[in-house]
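Chain by chain, the residues run as shown.
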Amino acid sequence: TPYASATLKKHDWVLNLYRGFCTSFDLPSWPSCSPTSLSKFVRFLGEQAHYAIGSIESVFIPSLKRAYFLETRSSLSTHCYAALADALHLLKINVAQASFEKEPLLFADVKRIIEFTSDQLYSQPLEATLWLFAVSTGARSITCEHINLGDIVSVHHIGTATFVKIRLRVTKDNPHDD
């Protein structure tokens with residue numbers, strides 16, 4: 001596949017959200033998507049889930065298009081393309097009028113997420129560490145996923161506390177994303 005592993009992970013994440021959305025609203029699901037289900041999904045992302053227009057435009061819609069092509073070896077129909085474009089256009093008009101701010105992720109939320117992560121998942125301790133790092137620094141998942149041991153710049157012990165300075169190399173807008 002010509003896509004980076006991080007891009008393929010985004011596709012999986014977007015498709016899981018799309019499948020769940022379609023199941024919840026009894027709409028045709030993946031890969032037999034309809035213009036109606038795609039349009040409703042995009043509008044739901046902006047109007048109900050309050051995703052930023054930029055995320056919908058640069059993450060969700062391209063992931064749906066690419067994943068569909070990878071699975072079917074054909075492009076979405078022109079009706080599906082039009083439905084996505086129309087839904088995005090409506091969001092830009094409607095959502096731009098309302099100002100949404102994401103609430104910060106609280107430690108209690110992270111604790112609940114970690115508790116609900118299966119103990120059978122071999123990477124649960126790693127996932128928990130990334131969640132805790134993200135909530136304490138505000139870093140995005142793409143940043144956390146690419147941290148290596150070599151990114152530890154320094155470690156300082158002050159009393160009973162330990163402070164670790166970490167270089168964050170990969171960010172949302174960094175073109176060197178894997």
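Each remark here, short or long, concerns the structure printed above.
In this report, the structure presented in the accompanying data block is examined. What you are looking at is a predicted structure, and each value in this text was computed from that prediction instead of being measured.

### Thoughts on the overall build of the protein chain
Line of reasoning, step 1. The helix and strand tally for the protein chain stands at 7 helices and 2 strands.
Line of reasoning, step 2. Sequence-ordered secondary structure for the protein chain, helices as α and strands as β, is α-α-α-α-α-α-α-β-β.
Line of reasoning, step 3. Per-residue burial for the protein chain yields a buried fraction of 29% across its 178 residues.
Line of reasoning, step 4. A fraction of 54% describes how many contacts in the protein chain between residues 6 or more apart in sequence connect residues 24 or more apart.

### Regarding the nonpolar core
Line of reasoning, step 1. If you look at the biggest cluster of nonpolar residues, it comprises 24 residues, and the most contacted ones within it are Tyr18, Trp30, Leu38, Ile56 and Leu64.
Line of reasoning, step 2. Every element with two or more residues in this core is listed here: helix 1 (5–24), helix 2 (35–47), helix 3 (53–72) and helix 4 (78–97).
Line of reasoning, step 3. Looking at which element gives the most residues to this core, the answer is helix 3, with 6 residues.
Line of reasoning, step 4. Beyond its immediate stretch of four places on either side in the chain, Trp30 contacts Leu15, Tyr18, Arg19, Leu64, Ala67, Tyr68 and Glu71.

### Section: the pattern of salt bridges
Line of reasoning, step 1. Counted according to the given criterion, the structure contains 3 salt bridges.
Line of reasoning, step 2. Put simply, Glu47 and Arg43 hold a salt bridge, and the shortest N to O gap is 2.9 Å. Taken as a pair, Glu47 and Arg43 lie in helix 2 at a separation of 4 residues, close to a single helical turn.
Line of reasoning, step 3. Of the residues examined, Glu47 reaches a relative accessible area of 25% and is grouped as partly exposed.
Line of reasoning, step 4. Exposure remark for Arg43: the relative accessible area of 27% places this residue in the partly exposed category.

### A short note on the pairing of strand 1 (residues 152–158)
Line of reasoning, step 1. Inspection of the sheet shows strand 1 paired to strand 2 (residues 161–166) by 6 bridges, in the antiparallel sense. Across the sheet, the residue bridging to His156 is Phe163, located in strand 2.
Line of reasoning, step 2. The turn joining strand 1 and strand 2, which pair antiparallel and follow one another in sequence, is formed by 2 residues; a positive phi near 65° is taken by Gly159.

### Considerations on the side chain of Ser37
Line of reasoning, step 1. Inspection of the secondary structure assignment puts Ser37 in helix 2.
Line of reasoning, step 2. Here Ser37 is in contact with Tyr18, Phe21, Cys22, Leu27 and Pro28, once residues within four sequence places are set aside.

### Some words on the packing of helix 2 against helix 3
Line of reasoning, step 1. It is the contact of helix 2 with helix 3, at a shortest axis distance of 12 Å, that shows an interaxial angle of 155°. Taken as axis vectors, helix 2 and helix 3 run roughly antiparallel relative to one another. In this structure, the crossing between helix 2 and helix 3 has a hand that is right-handed. Of helix 3, the residues touching helix 2 (which contributes Leu38, Phe41, Val42, Leu45 and Gly46) are Ile56, Phe60, Ile61 and Leu64.
Line of reasoning, step 2. Class assignment for the residues of the contact of helix 2 with helix 3 results in 8 nonpolar, 1 polar and no charged.

### Describing helix 3
Line of reasoning, step 1. Look at helix 3: 27 Å from first C-alpha to last across 20 residues, which is about the 28 Å you get at 1.5 Å a residue.
Line of reasoning, step 2. Considered for burial, the residues of helix 3 that qualify are Ser55, Ile56, Val59, Phe60, Ile61, Pro62, Ser63, Leu64, Ala67 and Tyr68.
Line of reasoning, step 3. Two residues or fewer past helix 3, Arg73 is found with a positive phi of approximately 60°.

### Comments concerning the packing of aromatic side chains
Line of reasoning, step 1. For the coordinates displayed, the defined rule picks out 9 aromatic pairs.
Line of reasoning, step 2. An angle of 40° between the planes, with centres 5.2 Å apart, marks the rings of Trp13 and Phe60 as tilted. Of the two residues, Trp13 sits in helix 1 while Phe60 sits in helix 3, which places them 47 residues apart along the sequence.
Line of reasoning, step 3. Overall, Trp13 belongs to the partly exposed group, its relative accessible area being 39%.
Line of reasoning, step 4. Taking the centre distance of 6.4 Å and the plane angle of 75° together, the rings of Phe41 and Phe60 count as edge-to-face.

Rules used throughout
Residues numbered from 1 in each chain as written. Predicted model: local features only at pLDDT ≥ 70, side-chain atom pairs only at ≥ 80, totals over all residues. Heavy atoms only, no water. Helix = DSSP H or I, 4+ residues; strand = E, 2+ residues; numbered from the N terminus. Buried < 20%, exposed > 50% of the residue type's maximum accessible area, 1.4 Å probe, protein only. Contact = heavy atoms within 4.5 Å. Core = buried A, V, L, I, M, F, W, Y, C linked by side-chain atoms within 4.5 Å. Salt bridge = Lys/Arg side-chain N within 4 Å of Asp/Glu carboxyl O. Pairing = 2+ DSSP bridges. Axes fitted to C-alpha atoms, helices over the stretch in contact; angles between N-to-C directions. Parallel < 35°, antiparallel > 145°, perpendicular 65-115°, else oblique. Left-handed = near helix turned anticlockwise from the far one by under 90°. Nonpolar A, V, L, I, M, F, W, Y, C, P; charged D, E, K, R; others polar. Expected span 1.5 Å × (residues − 1). Phe/Tyr/Trp six-rings, centres within 6.5 Å; stacked < 30°, edge-to-face > 60°.

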